[in-house]
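# Summary of the model geometry
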There are 2 protein chains.
Amino acid sequence: MVNQQRQAVVGIVGGGLVGALNAIYFAQRGWKVELYELRPDMRLPANRESRKGRSINLALSERGLSALRATGLDLEKTILDASVPMRARMVHIGKQGTQISQAYDVNGKHINAVDRARLNELLLDAIEKMKDVTIYFEHRLTQIDLDYNRLEFSTSDGKKEYQPDFIIGADGAYSRTRSQMMRRMRMNFEQQYIDAGYCELSMPAAKGADGKPAFALDPNHLHIWPRHTFMLIALPNPDFTFTCTLFMPFEMFDQIQTEEALMSFFEEHFNDAIPLIGEESLKYAYFNNPHGSLVSIKASPYNYGDRALIIGDAAHAMVPFYGQGMNCGFQDVEVLHQILDRFGVHPMIQEDGIQGLKEALDAYSESRAKDAHAICDLALYNYCEMRSAVTSVRFIARKKLEHAIHYIFPKLIIPLYTMVSFSTLPYSKAIERWHRQSYWLNAAMVSTTMATTAMVAVMGLKYRDQLSGSITQIIQTLKSKIA
Amino acid sequence: MVNQQRQAVVGIVGGGLVGALNAIYFAQRGWKVELYELRPDMRLPANRESRKGRSINLALSERGLSALRATGLDLEKTILDASVPMRARMVHIGKQGTQISQAYDVNGKHINAVDRARLNELLLDAIEKMKDVTIYFEHRLTQIDLDYNRLEFSTSDGKKEYQPDFIIGADGAYSRTRSQMMRRMRMNFEQQYIDAGYCELSMPAAKGADGKPAFALDPNHLHIWPRHTFMLIALPNPDFTFTCTLFMPFEMFDQIQTEEALMSFFEEHFNDAIPLIGEESLKYAYFNNPHGSLVSIKASPYNYGDRALIIGDAAHAMVPFYGQGMNCGFQDVEVLHQILDRFGVHPMIQEDGIQGLKEALDAYSESRAKDAHAICDLALYNYCEMRSAVTSVRFIARKKLEHAIHYIFPKLIIPLYTMVSFSTLPYSKAIERWHRQSYWLNAAMVSTTMATTAMVAVMGLKYRDQLSGSITQIIQTLKSKIA
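Residues numbered from 1 in each chain as written. Chains lettered and ligands numbered in written order. Predicted model: local features only at pLDDT ≥ 70, side-chain atom pairs only at ≥ 80, totals over all residues. Heavy atoms only, no water.

### Considerations on the interface of chain B and chain A
In this assembly, 12 residues from chain B lie in contact with 12 residues from chain A. Taking both partners together, chain B and chain A bury about 1200 Å²; carbon and sulfur atoms supply 48% of that area. Linking chain B to chain A there are zero salt bridges. Our enumeration of links across chain B and chain A arrives at six residue pairs in polar contact (both at pLDDT 80 or more). Take the side of chain B that touches chain A: its biggest share by element is six residues, from strand E14 (residues 188-203) of chain B. (Contact = heavy atoms within 4.5 Å. Buried area = accessible area lost by both parts, 1.4 Å probe. Salt bridge = Lys/Arg side-chain N within 4 Å of Asp/Glu carboxyl O. Polar contact = N/O pair within 3.5 Å; in protein donor to acceptor, adjacent residues only side chain to side chain. Helix = DSSP H or I, 4+ residues; strand = E, 2+ residues; numbered from the N terminus.)

### Focus: the domain arrangement of chain A
Residues and elements named next belong to chain A. Looking at the assigned domains, one finds that chain A contains domain 1 (6-84 + 113-192 + 295-386), domain 2 (194-293) and domain 3 (393-482). Taken together, the contact between domain 1 and domain 3 spans 17 residues of the former and 17 residues of the latter. Here domain 1 is connected to domain 3 by nine residue pairs in polar contact (both at pLDDT 80 or more). Listing elements by their share of the side of domain 1 that touches domain 3, those giving two or more residues are helix H2 (62-69), helix H11 (325-342) and helix H12 (357-387). Tallying contributions element by element places H12 first for the side of domain 1 that touches domain 3, with eight residues. Across the side of domain 1 that touches domain 3, the residue classes tally to six nonpolar, five polar and six charged. (Domains from an automatic or database assignment. Nonpolar A, V, L, I, M, F, W, Y, C, P; charged D, E, K, R; others polar.)

### Things to note about the relation of the copies chain B and chain A
Superposition record for chain B on chain A: RMSD 0.0 Å, screw rotation 180°, translation along axis 0.1 Å. A rotation of that kind, with that shift, is consistent with a two-fold axis. Closest to the rotation axis within chain B is the C-alpha of Glu 190 of chain B, separated from it by 2.1 Å. Most of the interface of chain B is mirrored in chain A, where 100% of its interface residues again form contacts. (Least-squares fit on C-alpha atoms with pLDDT ≥ 70 in both.)

### Brief notes about the state of the cysteines
All names here are of chain B. For the coordinates displayed, the defined rule picks out zero disulfides over all chains. Free cysteine: Cys 376, not disulfide-bonded; nearest cysteine sulfur from Cys 328 at 7.0 Å. The class for Cys 376 is buried, based on a relative accessible area of 0%. (Disulfide = S-S within 2.5 Å. Buried < 20%, exposed > 50% of the residue type's maximum accessible area, 1.4 Å probe, protein only.)

### A look at helix H4 (residues 116-128) of chain A
Because each turn of an α-helix spans 3.6 residues, side chains separated by three or four positions end up pointing in the same direction. Residue and element names in this part refer to chain A. Its 13 residues place the ends of H4 19 Å apart at the C-alpha level, agreeing with the 18 Å of an ideal helix rising 1.5 Å per residue. Turning to H4, its buried residues are Ala 117, Leu 119, Asn 120, Glu 121, Leu 122, Leu 123, Leu 124, Ala 126 and Ile 127. Where H4 begins, the capping side chain belongs to Asp 115, and its oxygen is found 2.8 Å from the backbone nitrogen of Ala 117. (Expected span 1.5 Å × (residues − 1).)

Here it is, written out as structure tokens:
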């Protein structure tokens, strides 16, 4: 019987971040891996230029880090060494560019600005050190025959076909794997565009006091210029530059068609950013970089029996406002492999397929779709928060109260941002807990003890031992309701 | 200047019901029309057989009739002559097949069972009598270049190209026009499958007392065997047959894999239907007809500037449980042309395109998407109602109360079914009104006057002059709240 077994082959469409990490996981569990990538090898010098101007910087946080860590390959350390920690939001207000720092976490936890291409290269390098993995570059998927698991690609050498035992689509928001699966199965699907588009701008390194390159803004912050219906953000890069992204309704992009209009718009709204970006650089980027659109995508189920699965953006694209797109995709990979473990799926083809694979994929799809839907919705919600709420008094007071209680009783009230960015708690659970917390926090906010509470919160966290009787009382109530 | 004008060409993809009716409307307003249809001409004898076993019968009601009537072509009369009026639901309960008739409308209005193919043929015949319309059969759309409005089709004579000024996709739920548009524009899109599939069965004509063919069941009814998680329905055809459709979860279809299992399932649940359908016919149809899936589709916007538009199922496929798919599609056409009138759109190409077309399409898309979303949701809701609620005591009491009040005060409480099927009120308005009514009707139902009310309602409508004081009082309240 053992002779009839052979090693199972997984074919992964898409060698981006999620596809590449998934290839590592599958190779580590003993599968033969074929990784098909549309683009040429990004590590070749000739291909380095083409990546400019098209990516929003990435914020790597705990979910992503956990998935990298679980490979045991020291990927986490390598990528963190090449990233810039961001401990807070820096909100830029008014023409003078008044800056207000809002810590992400009361205990000093931080997210990390990473370069997408660098991370991707690191993963591809790691793959090539593993046995049983083949990367096929410049392979454009044309169609999938799900009856025979036959993948057809167009390449510069003409049509090529592959026939893995199990197909994974990690080919992004406009996944062709997904659209091919949708022809054969009853997949629920939703795509929703927001009215805003984005344009990438770049802020060069400044000159430090010693004449060496230096950051033009505080590097340990994610900088935001919130303007209600539009905003500018800036994330630091290790080379002392910032990558900036302008988000605004397409209608406004359409209105700003001349250099004069652009400059007067920036003078009005982002005056302090002009000298940092540089007028010429600003004009060039605005009129030459693409104005991209932002889409939120939900699908379910993610699998077609034990034959095919979508993962990462192919399964759940989200708008970038919670910094969770990549983190969610990486967590997909970790969760998938935890479930494959739980169902005892081995990389061996038996007469009737791979034992337990279908059941494992069904279980993965059911639980993961719920979590992905939750973070997709949250990312949309955060678009509103980032554009405007970060400047509202109520929002700030509420945040401070939340943070204060979290600092004193770290397990009682956990801010949503902390649960999402600094834990691996399933997204749907994080949101459920947040709803429960919010109910009682809002009650506390409007209660007569609000004044005391806010005072304590705003005055800082140094007075934890001198908390007034009223806040202690609120916390007792909260404790009994939430825990 | 006038010399620079030329007659505008509209290219309609899909010669089904909505595409064909739309072709008539455009020809009538002076456009040159090209109609591209995937299938061969359905009117040729050789193509008649292929349509069997794949369509749920259609229930033509006021919205559809209104759109036919507005052509002034006598289409309404011709199709009604070939249809069977259905005045009520006939609910089949229990093994004995107890039948309960539930009128659709208290004033005797009815819907009409029509044969999809016959209606389509009628429309194609009407088109061919018009000038400036060309029908291209056996044209499979392969792609659309929206920069130049170039449509590419594959035909048995090879690739063909057309270049109309304005493209309309009337190519159904899996519209290729739509998917081509989605590559170019930010279209919000949602598809949702229900867990149930359907299988068409056929009930032959019975023999009447005089030996002539006769209907096996009362023909003026839409027959339903509601069984909570599944159901059977039957719609009459003019040739004395009934077209039956079995709706049930795919899981159940998967479980019923043998003739024995099928028969024991029917004996348990649809015993009275077995002799009418015939055991052999039942087995043959169940195991040979396709088990189709049911999808609900929403999209928006419907137009890409003034270049392309989706309409009918391509824009809003719905599950068939409100009998509104075709009616909604026909109303799309009537509403579209009302809006083209309102914006004064003439079939003349000026230097900068067709005056007012973009504005008209924007207005159409905005208002119609809201209505289509509403009926899509309602059709899903009605799936629950048809499968189970039609047998619940509360449901029946509520319906009777609604009908009674409507009968007495026809403008005060209008049952939802009446607004949807017997009026042309925009769907979204109908539903808004229904929500307002429901609030007060439910209040009435639980109020202390319920007993009196129900008694009056159940005892029939004959006692309208002897209404008790309490129902008068309820109605006074309702009047002040709703109107």
